[in-house]
Amino acid sequence: MRIGIPKELHAGEKRVATTPDVAARLIKLGFDVAIEQGAGASADLADDVFRAAGVEVLPDAASLWAQSDIVLKVRGPAQHPGADEFALMREGGTLISFLWPAQNPAAMEQLAARKATVLAMDSVPRISRAQKADALSSMANIAGYRAVIEAAQNFGRFFTGQVTAAGKVPPAKVFVIGAGVAGLAAIGAANGLGAIVRATDTRPEVGDQIKSLGAEFVPVEYVEEGTGVGGYAKVMSEGYQRAQREMIARQCKECDVVITTALIPGKPAPKLITAEMVASMQPGSVIVDLAAEQGGNCELTVPGEVVERHGVRIVAYTDLPSRMARQSSQLYATNLLRLIEELCPGKDGNIVVNMEDEMIRGATVVKDGEITWPPPPPKLSAAPPGGKPAAAIAPPPPPKPLIPKSVQPLVVLGAGALALAWLGSVAPPAFMAHFMVFVLACFVGYMVIWNVTPALHTPLMSVTNAISSIIAIGALIQISAPGFLMTLLAGVALILTTINMAGGFAVTQRMLRMFRRSE
């Protein structure tokens with residue numbers, strides 16, 4: 001079978017559905033691969049590079065569509081001036097691209113009329129096995145990173161804090177709304193540029209992910225579960241939305257850059273930033289609205305443009321992945337390759353659309369001219385049959401202690417004092433002096449080392465080295481004492497403290513190297 005990659009006709013679209021190295025791997029799977037002339041030029045991929053990979057370059061879109069059994073695209077087919085991609089579609093052919101079937105029922109009908117089989121990359125189910133073909137996550141990752149670059153471009157100050165001879169520059173404060181793939185990518189990029197990053201999400205379980213990237217999680221002071229189907233966010237209650245607006249209003253006043261990524265599948269983007277919030281921001285602040293293509297999360301967003309309102313720049317580009325066309329094309333092409341590998345189990349250049357496969361079934365929106373979207377709900381493994389659960393048996397109440405807990409410390413202290421008094425009455429004075437030193441040493445060692453949070457152990461290496469040095473000096477004094485046993489014990493103490501000191505210095509140096517900037 002032949003795979004064809006036409007040039008994208010959507011205005012401003014620079015991506016291409018495959019790259020030379022991915023095309024070479026498709027050829028190894030047994031496919032013939034052809035590409036329209038100039039299809040990769042906007043992504044800095046020349047035709048000669050494709051030819052070197054074994055790809056045939058065809059002069060126009062009509063011949064490519066006519067000769068291709070499978071067409072790979074980024075944007076779904078559409079009617080453009082001078083080119084109707086629906087009419088170019090080969091009857092009975094296969095198309096794999098982004099399609100958004102819920103928003104484009106007319107496109108679905110036209111593809112069904114061509115007896116086509118269509119797999120939508122935006123409908124790949126979010127299951128573990130399908131992660132390798134999850135093009136939505138790949139593009140969201142790039143969009144989140146690029147959002148920070150666009151924010152830095154439009155922001156009039158440094159992201160990182162600096163102390164210079166001309167004065168101190170505070171770090172920028174970045175607030176990310178939504179911690180999905182795009183939000184997490186934005187958090188990582190902003191943190192890497194040295195900004196103070198805060199983030200929020202309706203799903204409380206992502207708080208740990210936000211903190212792991214070095215950002216502060218800002219929760220909404222309202223208890224409600226925000227996780228929807230497939231890990232996406234869901235529409236929240238009015239009470240939650242009110243509390244969320246109050247929290248966002250506070251953050252907008254304090255932060256210099258706000259990046260919004262909130263989307264709910266199949267619905268317009270929720271309006272989270274009002275005109276009043278924009279007016280409350282400091283002049284020179286920036287809002288980057290990643291939900292602009294679905295209407296935007298800000299009331300003042302103008303999709304596809306950068307506008308300035310109340311001294312705040314609102315960046316609402318709808319082509320952020322396309323602004324990094326080469327990287328986006330590489331990731332998207334890899335997602336397509338993984339899906340085709342699933343469609344081609346025999347590795348013989350022929351695809352099999354197995355509707356019993358949950359991953360393929362979820363992505364298939366039209367099969368041989370029949371609309372199959374939406375897919376059935378995912379299959380859940382049935383719980384094993386069993387009898388009624390046994391009634392829980394209440395545990396017996398714990399026995400009451402002989403001595404109340406409030407009195408126990410006093411009893412232990414009194415017993416210790418009596419034992420010490422008895423020992424002093426029978427032991428010689430020299431023994432008691434050494435014993436008191438031993439007890440104090442144990443107490444100091446416990447308070448200095450054992451009773452310290454494990455995260456602070458490494459900074460305490462200098463203290464442990466000092467204690468080891470005292471032990472080493474004592475061992476050196478005693479090693480020449482008469483008696484074999486005393487010499488042996490002093491030698492063992494000297495060896496152990498030497499090992500401890502050397503290890504302590506090594507760990508300390510390793511810790512210091514972590515904070516040095518590599519040349």
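Placed above this text is the structure.
Going along each chain's sequence as written, the residues are numbered from 1 onward. Where totals are concerned, whole chains, interfaces and linings use all residues; where local detail is concerned, this predicted model gives features only for residues with pLDDT of at least 70, and gives and counts side-chain atom pairs only at 80 or more. To obtain the side-chain values, all non-hydrogen atoms of the structure were included, while hydrogens and water were left out.

Quick look at the packing of helix α6 (residues 135-154) against helix α11 (residues 325-343)
Part 1 of the reasoning: Every axis in this analysis is a line fitted to C-alpha atoms, fitted for helices over the stretch in contact. Angles between the N-to-C directions lie between 0 and 180 degrees. Under the DSSP-based scheme used, a helix requires at least four consecutive residues in state H or I and a strand at least two consecutive residues in state E, with every element numbered from the N terminus. Interhelical geometry of α6 versus α11 gives an angle of 165° and a closest axis separation of 9 Å. For the element pair α6 / α11, the angle class is roughly antiparallel. Like other packed secondary-structure pairs, α6 and α11 cross with a definite hand, here right-handed. For the pair α6 and α11, contact is made by A135, S138, M139 and I142 and by Q327, S328, L331, Y332 and N335, respectively. Angular relationships are summarised with four words: roughly parallel below 35 degrees, roughly antiparallel beyond 145, roughly perpendicular across 65 to 115, and oblique for the angles in between. The crossing is said to be left-handed when, going from far helix to near helix, the turn is anticlockwise and less than a right angle, and right-handed when the turn is clockwise. Only heavy atoms matter for contacts: two residues are in contact if any of them lie within 4.5 Å across the pair.

Looking at a nonpolar patch on the surface
Part 1 of the reasoning: Patches here: salt-bridge-free residues with over 30% relative accessible area, like charges joined within 9 Å, nonpolar side chains (Val, Leu, Ile, Met, Phe, Trp, Tyr) joined within 5 Å. Surface accessibility follows the Shrake-Rupley procedure with a 1.4 Å probe radius. Residue values consider only the protein chains on display as shielding. Criterion for a salt bridge: a side-chain nitrogen of Lys or Arg within 4 Å of a carboxyl oxygen of Asp or Glu. A contiguous nonpolar surface patch, about 860 Å² in accessible area, is contributed by F484, L485, L488, L489, V492, I495, L496 and I499.
Part 2 of the reasoning: For F484, the location among the structural elements is in helix α16 (residues 484-514).
Part 3 of the reasoning: Looking at F484, the relative accessible area reads 66%, which means it is exposed. Exposed residues in this analysis have more than 50% of their type's maximum accessible area, buried residues have under 20%, and partly exposed residues fall in between, with area computed by a 1.4 Å probe over protein chains only.

A look at the side chain of R75
Part 1 of the reasoning: Within the element layout of this structure, R75 appears in the loop between β4 (70-72) and β5 (79-80).
Part 2 of the reasoning: Classification of R75 as buried rests on a relative accessible area of 19%.
Part 3 of the reasoning: A 3.5 Å cut-off defines polar contacts: any pair of N or O atoms within that distance qualifies, except that in protein one atom must be a possible hydrogen donor and the other a possible acceptor, and neighbouring residues in sequence count only when both atoms are side-chain atoms. Separated by 2.9 Å, the side chains of R75 and E13 make a polar contact.
Part 4 of the reasoning: Once residues within four sequence positions are removed from consideration, R75 is found in contact with E8, H10, E13, R15, S97, F98, E293 and T318.

What to know about the sheet that holds strand β17 (residues 312-315)
Part 1 of the reasoning: Here 7 strands make up an open sheet; going across it, the order is β13-β12-β11-β14-β15-β17-β16 and the pairing mixed. Looking along the sheet, the strands with just one partner apiece sit at the ends: β13 (216-217) and β16 (306-309).
Part 2 of the reasoning: Note: two strands are recorded as paired if DSSP finds a minimum of 2 bridges between them. Examined bridge by bridge, strand β11 (residues 173-177) and strand β12 (residues 196-200) share 5 bridges and lie parallel to one another. The partner of I177 across the bridge, within β12, is T200.
Part 3 of the reasoning: Where α6 meets the sheet, it contacts β14 (257-260), β15 (286-289), β16 and β17, and its direction lies at approximately 155° from that of β15.

What to know about the sheet that holds strand β3 (residues 56-58)
Part 1 of the reasoning: Sheet architecture is open: 8 strands sit in the order β3-β2-β1-β4-β7-β8-β18-β19, paired in mixed fashion. Looking at strand neighbours, the two that pair on one side only are β3 and β19 (370-371), the edges of this open sheet.
Part 2 of the reasoning: Strand direction decides the pairing type here: strand β8 (residues 117-120) and strand β18 (residues 364-367), joined by 2 bridges, are antiparallel. Opposite V118, over in β18, you have V366 as the bridge partner.
Part 3 of the reasoning: The strands touched by α11 are β1 (2-5), β4, β7 (94-97) and β8; relative to β7, the strand with the most contacts, the crossing angle is about 140°.

Some details on unusual backbone geometry
Part 1 of the reasoning: W373 connects to P374 through a cis peptide bond whose omega is 0°.
Part 2 of the reasoning: Here P374 lies in the loop between β19 and α13 (408-426).
Part 3 of the reasoning: For W100, which is not glycine, the phi dihedral falls at a positive 55°.
Part 4 of the reasoning: With respect to the secondary-structure elements, W100 resides in the loop between β7 and α5 (105-113).
Part 5 of the reasoning: Taking relative accessible area as the criterion, W100 reaches 38% and is therefore assigned partly exposed.
Part 6 of the reasoning: Backbone geometry at D368 places phi at a positive 50°, although glycine is not the residue there.

As for α11
Residues spaced three or four apart along an α-helix point in a common direction, a consequence of the helix completing one turn every 3.6 residues.
Part 1 of the reasoning: Helix span, as expected, comes to 1.5 Å for every residue beyond the first. In this model, α11 (19 residues) spans 26 Å end to end at C-alpha, consistent with the 27 Å of a helix rising 1.5 Å per residue.
Part 2 of the reasoning: Those residues of α11 that fall on the buried side of the exposure criterion are A325, S328, S329, Y332, A333, N335, L336, L337, L339, I340 and L343.

Regarding the pairing of β15
Part 1 of the reasoning: Going residue by residue along β15, you find V286 and V288 tucked away on one face and I287 and D289 tucked away on the opposite face as well.
Part 2 of the reasoning: Relative to β15, β14 runs parallel, the two being bridged by 4 bridges. Following the sheet pairing, V258 is matched in β15 by I287.
Part 3 of the reasoning: Bridging between β15 and β17 involves 3 bridges; their strand directions are parallel. Counterpart to V286 in the pairing with β17 is R313.

Structural notes on the pattern of salt bridges
Part 1 of the reasoning: Inspection of every chain in the model, using the stated rule, returns 23 salt bridges.
Part 2 of the reasoning: Between E85 and K73 there is a salt bridge, with its nearest N and O atoms 3.3 Å apart. One end of the pair, E85, is in helix α4 (residues 85-88); the other, K73, is in the loop between β4 and β5, and 12 residues separate them in sequence.
Part 3 of the reasoning: The class for E85 is buried, based on a relative accessible area of 1%.
Part 4 of the reasoning: Exposure remark for K73: the relative accessible area of 1% places this residue in the buried category.
Part 5 of the reasoning: Here the salt bridges do not stand alone but share partners, grouping E13, R15, R75 and E293 into one network.

A look at the pairing of β8
Part 1 of the reasoning: A two-sided burial pattern is seen for β8, the buried positions comprising T117 and L119 on one face and V118 and A120 on the other.
Part 2 of the reasoning: As paired strands, β7 and β8 are joined by 4 bridges and run parallel to one another. When the bridges of β8 are listed, L95 appears paired with V118.
Part 3 of the reasoning: You can see the chain leave β7, run along α5 and come back into β8, and the turn it takes is right-handed. Throughout, right-handed denotes a crossover for which the path from the first strand over the helix to the second runs clockwise when the strands point away from the viewer.

Observations concerning the nonpolar core
Part 1 of the reasoning: In plain words, nonpolar cores are sets of buried Ala, Val, Leu, Ile, Met, Phe, Trp, Tyr and Cys residues tied together by side-chain atoms within 4.5 Å. Core analysis: the biggest nonpolar cluster contains 44 residues, and L72, I96 and Y332 have the highest contact counts within it.
Part 2 of the reasoning: Among the elements of the structure, β1, α1 (20-28), β2 (32-36), β4, α6, α11 and α12 (358-363) are those that each provide at least two residues to this core.
Part 3 of the reasoning: The element contributing the most residues to this core is α11, with 8 residues.
Part 4 of the reasoning: By size, the runner-up hydrophobic cluster in this structure holds 31 residues, among which are A147, A182, A190 and V206.

With respect to the packing of α1 against α11
Two measures define how a pair of helices packs: the angle their axes make with one another and the distance between the axes.
Part 1 of the reasoning: Axis separation between α1 and α11 bottoms out at 9 Å; the angle between their running directions is 10°. As summarised for this structure, α1 and α11 are arranged roughly parallel, according to the angle between their axes. On α11, the residues touching D21, V22, R25 and L26 of α1 are Q330, A333, T334, L337, R338 and I340.

What to know about the packing of aromatic side chains
Part 1 of the reasoning: Pairing of aromatic rings covers Phe, Tyr and the six-membered ring of Trp, with a centre-to-centre limit of 6.5 Å; geometry is then stacked below 30 degrees between planes, edge-to-face above 60, and tilted otherwise. One pass over the structure, following the stated rule, counts 3 aromatic pairs.
Part 2 of the reasoning: The interplanar angle of 15° and the centroid separation of 5.3 Å between the aromatic rings of F98 and Y332 together place this pair among those described as stacked. Of this pair, F98 sits in the loop between β7 and α5 while Y332 sits in helix α11; the two residues are 234 residues apart in sequence, bridging distant segments of the chain.
Part 3 of the reasoning: Summarising the aromatic geometry, the rings of F155 and F159 are spaced 6.0 Å apart at their centres and angled 80° between planes, so their arrangement reads as edge-to-face.
Part 4 of the reasoning: When its relative accessible area of 8% is taken as the criterion, F155 is described as buried.
Part 5 of the reasoning: Owing to a relative accessible area of 6%, F159 belongs among the buried residues under this scheme.
Part 6 of the reasoning: Of the aromatic side chains, those joined through ring pairs into one cluster are F98, W100 and Y332.
Part 7 of the reasoning: Distance and angle both matter: a charge sits over a ring if NZ of Lys or CZ of Arg is within 6 Å of the ring centre and within 35 degrees of the ring normal. Over the aromatic face of Y317 sits the side chain of R323, whose NZ or CZ is 3.5 Å from the ring centroid.

Keep in mind these values describe shape, not function.
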